[in-house]
Amino acid sequence: MHDLKAIRENPEAFDAAMRRRGVSPETIDKVISNEDERRTLAAELQALKTQRNEIAQRIAVNRRQGLNTSDDEIAGTTLKLHISQLENKERENNYRSQDTVQSLPNIPDNDVPEGPDETHNVEQKRFGSIKNFEFAPKQHFEIGEALGLMDFAAAAKIAGSRFTVLRGDLARLERALGQFMIDLHTTEHGYTEVSPPLLVNDATMFGTGQLPKFTDDSFKTTDGRWLIPTAEVPLTNLVAGEILDGAKLPLRFTALTPSFRSEAGSAGRDTRGMLRQHQFWKVELVSITTPDASTDEHERMTRCAEAVLERLDLPYRRMLLCAGDTGFSAAKTYDLEVWLPGQGTYREISSCSNCRGFQARRMNARFRPAPKDGKPAKPDFVHTLNGSGVAVGRALIAVLENYQNADGSVTIPEALRPYMGEKQNIG
């Protein structure tokens with residue numbers, strides 16, 4: 001949610017920020033004109049209410065003195081009707097403003113690159129060496145099906161497209177990846193593990209920005225709840241409506257959960273394999289912090305996600321997303337893209353975002369700073385951050401493709417062997 005006061009005080013900056021995000025000038029003009037109308041209505045209402053109070057006081061005085069008050073009473077009735085009409089207009093204006101503002105994305109940070117799409121993202125760093133295979137590397141679904149441990153036909157029979165059945169050592173490898181990540185983040189990175197609900201209500205989805213803009217991207221149950229598209233949703237909303245002690249921030253949460261996405265608009269994209277699924281496991285990282293600490297927290301969170309890939313010795317690159325490719329709720333996002341030799345390209349495996357106060361305003365999540373000069377400080381909105389630490393299914397894909405052997409077997413990365421009964425190979 002945007003700060004309407006900031007929009008009022010600097011509409012030019014807001015206009016420029018929204019244009020960077022690709023928002024149409026008509027929508028921006030609508031927000032500013034609605035706000036101008038609201039200010040005009042508020043001023044008129046205040047003047048009329050002051051006039052009404054003066055008339056009421058005059059009537060009271062005249063009645064005590066036995067004077068005629070009929071003219072003032074008529075004027076008061078007329079004012080009451082006028083005030084009621086303006087209050088209705090004000091309510092209509094508020095509804096329009098809320099509907100428009102709620103659909104607008106976050107303001108990008110100043111160092112976010114210009115650009116309308118992913119072709120304008122900027123590479124920040126690379127890790128690892130791309131392996132030169134002595135054979136033509138296969139894609140993950142070719143490896144999994146050849147091992148007899150990845151079954152798309154069975155999944156389609158029982159659930160439809162964009163689902164996968166994993167068996168045996170591949171099912172265990174998927175579980176091992178999730179356990180390895182959650183152990184790393186809780187024992188070394190200072191995150192608190194949470195087991196959250198997988199079904200949430202409208203307010204929770206609204207708080208992190210999934211509603212109303214992305215209604216079609218999520219699954220809704222018949223009783224009005226939503227299957228979580230990411231654990232970011234319940235983890236971030238743990239502080240919804242709260243006033244936190246600033247001295248106890250940051251709060252850092254992590255969870256290993258399934259995620260559910262309808263993949264609306266992705267017809268024809270990544271139809272083979274496990275890259276784009278309706279259901280997948282993911283380890284999520286969420287931080288709740290103060291405004292002055294969120295920039296450093298963003299760098300820290302991204303390094304925590306990178307550590308997963310480095311422990312697995314998977315080549316990756318860090319990309320700073322341009323304004324047009326940055327997600328709805330984010331002010332700045334780093335994507336980690338892992339190398340997939342079967343595809344011969346990098347693919348996203350983690351996205352770490354600083355949302356600043358955008359989600360906090362939607363959730364009304366605040367903190368109380370330390371007292372100043374012995375006086376209690378006014379509560380301020382927290383900053384929220386989220387990141388994949390990392391997507392388990394895509395990590396499985398990356399392990400299969402980067403650790404494949406000429407005989408069709410897959411070497412298990414050393415970091416995962418304690419979770420695999422010390423096995424060294426699959427197949």
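Residues numbered from 1 in each chain as written. Predicted model: local features only at pLDDT ≥ 70, side-chain atom pairs only at ≥ 80, totals over all residues. Heavy atoms only, no water.

1. Quick notes on the overall build of the protein chain
At step 1: If you tally the helices and strands in the protein chain, you get 12 helices and 17 strands.
At step 2: On the principal axes, the C-alpha backbone points of the protein chain span a range of 105 × 50 × 40 Å.
At step 3: Counting over 427 residues, the protein chain shows a buried share of 49%.
At step 4: The contacts of the protein chain with a sequence gap of at least 6 include a subset with a gap of at least 24, amounting to 73%.
At step 5: Summed over all atoms, the accessible surface of the protein chain reaches about 20600 Å², with 47% contributed by carbon and sulfur. (Helix = DSSP H or I, 4+ residues; strand = E, 2+ residues; numbered from the N terminus. Buried < 20%, exposed > 50% of the residue type's maximum accessible area, 1.4 Å probe, protein only. Contact = heavy atoms within 4.5 Å. Areas by Shrake-Rupley, 256 points an atom, 1.4 Å probe, with all protein chains shown as cover.)

2. A look at the sheet that holds strand S14 (residues 380–381)
At step 1: If you trace the 3 strands from one edge of the open sheet to the other, you get S7-S13-S14, paired in mixed fashion. The sheet is open, and its two borders are formed by strand S7 (243–245) and S14, each paired with just one other strand.
At step 2: Of the strand pairs in this sheet, S7 and strand S13 (residues 366–368) are connected by 3 bridges, and their pairing is parallel. Paired with Asp245 across the two strands is Arg368, which belongs to S13. (Pairing = 2+ DSSP bridges.)

3. Focus: the nonpolar core
At step 1: Leu173, Leu177 and Met181 are the most contacted members of the largest nonpolar core, which has 48 residues in total.
At step 2: Of all the elements in the fold, those that place two or more residues in this core are helix H5 (140–147), helix H7 (168–187), strand S9 (279–289), helix H10 (294–311), strand S11 (332–340), strand S12 (345–354), strand S15 (383–391) and helix H12 (392–402).
At step 3: The element that contributes the greatest number of residues to this core is H7, accounting for 8 residues.
At step 4: Dropping the residues within four chain positions of it, Leu173 is found in contact with Leu396, Val399, Leu400, Leu416, Met420 and Ile426.
At step 5: In terms of nonpolar packing, the next biggest core, distinct from the first, is built from 15 residues, Phe253, Val286, Ala365 and Val382 among them. (Core = buried A, V, L, I, M, F, W, Y, C linked by side-chain atoms within 4.5 Å.)

4. Structural notes on the environment of Phe328
At step 1: Within the element layout of this structure, Phe328 appears in the loop between strand S10 (316–320) and S11.
At step 2: When its relative accessible area of 8% is taken as the criterion, Phe328 is described as buried.
At step 3: The sequence separation of Phe328 and Gly209 amounts to 119 residues, and the corresponding C-alpha distance is 7.2 Å.
At step 4: In contact with Phe328, not counting residues within four places along its chain, are Arg21, Gln102, Ser103, Leu104, Pro105, Asn106, Gly209, Lys213, Phe214, Phe358 and Arg362.

5. Some remarks on the layout of surface pockets
At step 1: Considered as a void within the structure, the second largest pocket measures approximately 430 Å³ in volume.
At step 2: Residue lining of the second largest pocket: 23 residues in total, with His2, Asp3, Ala6, Asn106 and Ile107 positioned closest to the centre.
At step 3: No other element matches helix H2 (residues 11–20), which puts 3 residues into the lining of the second largest pocket.
At step 4: The residue makeup of the lining of the second largest pocket, split by class, is 12 nonpolar, 6 polar and 5 charged. (1 Å grid on protein atoms, 1.4 Å probe; cavity = no way out; pocket = protein on both sides within 12 Å on 5 of 7 lines; lining within 4 Å. Points joined across faces, edges and corners; volume = space filled by probe spheres on them. Nonpolar A, V, L, I, M, F, W, Y, C, P; charged D, E, K, R; others polar.)

6. Notes on the environment of Val286
At step 1: By the secondary structure assignment, Val286 is in strand S9.
At step 2: Linking Val286 and Phe135, residues 151 residues apart in sequence, is a C-alpha distance of 41 Å.

7. A few points about the packing of H2 against helix H3 (residues 25–64)
At step 1: Running from N to C, H2 and H3 point in directions that differ by 150°, and their axes come no closer than 10 Å. Taken together, the axes of H2 and H3 are roughly antiparallel relative to one another. In this structure, H2 meets H3 at a crossing whose hand is right-handed. Here Pro11, Phe14, Asp15, Met18 and Arg19 of H2 come into contact with H3, specifically with Pro25, Ile28, Val31 and Ile32.
At step 2: A per-class count over the contact of H2 with H3 returns 7 nonpolar, no polar and 2 charged. (Axes fitted to C-alpha atoms, helices over the stretch in contact; angles between N-to-C directions. Parallel < 35°, antiparallel > 145°, perpendicular 65-115°, else oblique. Left-handed = near helix turned anticlockwise from the far one by under 90°.)

8. Considering the sheet that holds strand S8 (residues 251–260)
At step 1: Within the open sheet, the 8 strands sit side by side as S1-S10-S11-S12-S15-S9-S8-S4. Their pairing is mixed. Looking at which strands have only one partner, the edges of the open sheet turn out to be strand S1 (122–127) and strand S4 (192–193).
At step 2: Note: S4 against S8, 2 bridges, orientation parallel. Bridging across to S8, Thr192 finds its partner in Phe253.

9. Considering the UniProt feature "binding site: L-serine" (unreviewed entry) in the protein chain
At step 1: The feature "binding site: L-serine" (unreviewed entry), as given by UniProt, occupies Thr230, Ala231, Glu232, Glu284 and Ser388 in the numbering adopted here. For this annotated set, covering 159 residues, all C-alpha atoms fall within 9.4 Å of each other, a compact arrangement in space.
At step 2: Tracing the sequence through the fold places Thr230 in the loop between strand S6 (226–227) and helix H9 (232–236).
At step 3: Overall, the relative accessible area of 5% leaves Thr230 in the buried class.
At step 4: Counting through the fold element by element, Ser388 comes out in strand S15.
At step 5: Among all residues touching Ser388, those that are not within four sequence positions of it are Lys282, Val283, Glu284, Ala305, Ile349, Ser350, Ser351 and Cys352. (UniProt positions renumbered as here; feature names shortened; annotations may be inferred.)

10. Here's the deal with the packing of aromatic side chains
The relative placement of two aromatic rings is captured by the distance of their centres and the angle of their planes.
At step 1: Under the counting rule described, the total for this entry stands at 6 aromatic pairs.
At step 2: On the numbers, 5.6 Å between centres and 85° between planes, the contact of Phe214 with Phe328 is edge-to-face. A residue pair is termed long-range when its members are at least 10 positions apart, and Phe214 in the loop between helix H8 (202–207) and S6 and Phe328 in the loop between S10 and S11 qualify at 114 residues.
At step 3: Judged by relative accessible area, which is 27%, Phe214 ranks as partly exposed.
At step 4: Between Phe328 and Phe358, the aromatic rings sit 5.6 Å apart at their centres with planes inclined by 80°, giving edge-to-face as the arrangement. One end of the pair, Phe328, is in the loop between S10 and S11; the other, Phe358, is in helix H11 (residues 358–363), with 30 residues separating them in the sequence. In this structure, Phe328 and Phe358 share a single accessibility class: buried.
At step 5: The rings of Phe214, Phe328 and Phe358 are connected pair by pair, giving a single aromatic cluster.
At step 6: Over the face of the ring belonging to Phe214 we find Lys213, whose NZ or CZ atom lies 5.9 Å from the ring centre. (Phe/Tyr/Trp six-rings, centres within 6.5 Å; stacked < 30°, edge-to-face > 60°. Lys NZ or Arg CZ within 6 Å of the ring centre and 35° of its normal.)

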